[in-house]
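Reading the structure
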Amino acid sequence: MPPPQPYPGMYYQPMAPEHWLSRRNVWTVNALGLVMIWLGMLFRLLSTADTTVLAAARFFVISGALVGALASTAGALGSKKTTDMQNLGLLVWAGFLISLAGFVLAGFV
């Protein structure tokens, strides 16, 4: 009796997490985080008295900093194709985003 034939359709193979950490994906998520921080700063500058807009601005700043810093840290620690200097640059960028968010939030007082 011959062995059973393989399934003729597409074989789904789950994608490894390392493949999600390409340069383009890390750059895109970092750009998204930086845009969110920028939007939070704009909301803060354009609205001085509305507490709802100020809360939204804080949310954008904190979320943008966390998204960008987590993407940079994941790219630095999880990618197998980056050099040591690229990893160091990504970690420094993550620290810069966190400190930028701290300075922006200090201006909210």
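What this report covers is the structure whose coordinates are included nearby.

Reading guide: rules and limits
- Residues numbered from 1 in each chain as written.
- Predicted model: local features only at pLDDT ≥ 70, side-chain atom pairs only at ≥ 80, totals over all residues.
- Heavy atoms only, no water.
- Helix = DSSP H or I, 4+ residues; strand = E, 2+ residues; numbered from the N terminus.
- Expected span 1.5 Å × (residues − 1).
- Buried < 20%, exposed > 50% of the residue type's maximum accessible area, 1.4 Å probe, protein only.
- Contact = heavy atoms within 4.5 Å.
- 1 Å grid on protein atoms, 1.4 Å probe; cavity = no way out; pocket = protein on both sides within 12 Å on 5 of 7 lines; lining within 4 Å.
- Points joined across faces, edges and corners; volume = space filled by probe spheres on them.
- Nonpolar A, V, L, I, M, F, W, Y, C, P; charged D, E, K, R; others polar.
- Core = buried A, V, L, I, M, F, W, Y, C linked by side-chain atoms within 4.5 Å.
- Axes fitted to C-alpha atoms, helices over the stretch in contact; angles between N-to-C directions.
- Parallel < 35°, antiparallel > 145°, perpendicular 65-115°, else oblique.

Let us now look at helix α3 (residues 84–106). The end-to-end C-alpha distance of α3 is 33 Å, a good match for the 33 Å that 23 residues give at a rise of 1.5 Å each. Buried within α3 we find N87, L90, A94, L97, A101 and V104. Against the buried residues of α3 lie α1 (23–46) and α2 (51–78).

All right, on to the layout of surface pockets then. The space that makes up the largest pocket amounts to roughly 490 Å³. Lining the largest pocket are 19 residues, and of these L21, S22, R23, S79 and T82 lie nearest its centre. Contributions of two or more residues to the lining of the largest pocket are made by α1, α2 and α3. A per-element tally of the lining of the largest pocket places α1 first, with five residues. Of the residues contributing to the lining of the largest pocket, the split by class is seven nonpolar, eight polar and four charged.

Another point: the nonpolar core. Among the nonpolar cores identified, the biggest contains eight residues, and these are I37, A57, V61, A65, L97, A101, V104 and F108. Elements with a contribution of two residues or more to this core: α2 and α3. Residue contacts for V104: discarding those within four places in its chain leaves M41 and V61.

Moving on: α2. Counting along an α-helix, one turn takes 3.6 residues, and residues three or four places apart therefore face a common direction. Taking 1.5 Å per residue, 28 residues should reach 40 Å; α2 reaches 39 Å between its end C-alpha atoms and fits that length. All buried positions along α2 are accounted for by L54, A57, V61, S63, G64, A65, G68, A69, A71, S72, G75 and A76. In this fold, the buried residues of α2 make contact with α1 and α3.

Attention now moves to the packing of α2 against α3. Direction vectors running N to C along α2 and α3 enclose 170°, while the axes themselves pass 8 Å from each other. Judged by the angle between their axes, α2 and α3 are roughly antiparallel. Of α3, the residues touching α2 (which contributes R58, V61, I62, A65, G68, A69, S72, T73, G75 and A76) are N87, L90, L91, W93, A94, L97, I98, A101, V104 and L105. Here the residues of the contact of α2 with α3 sort into 14 nonpolar, five polar and one charged.

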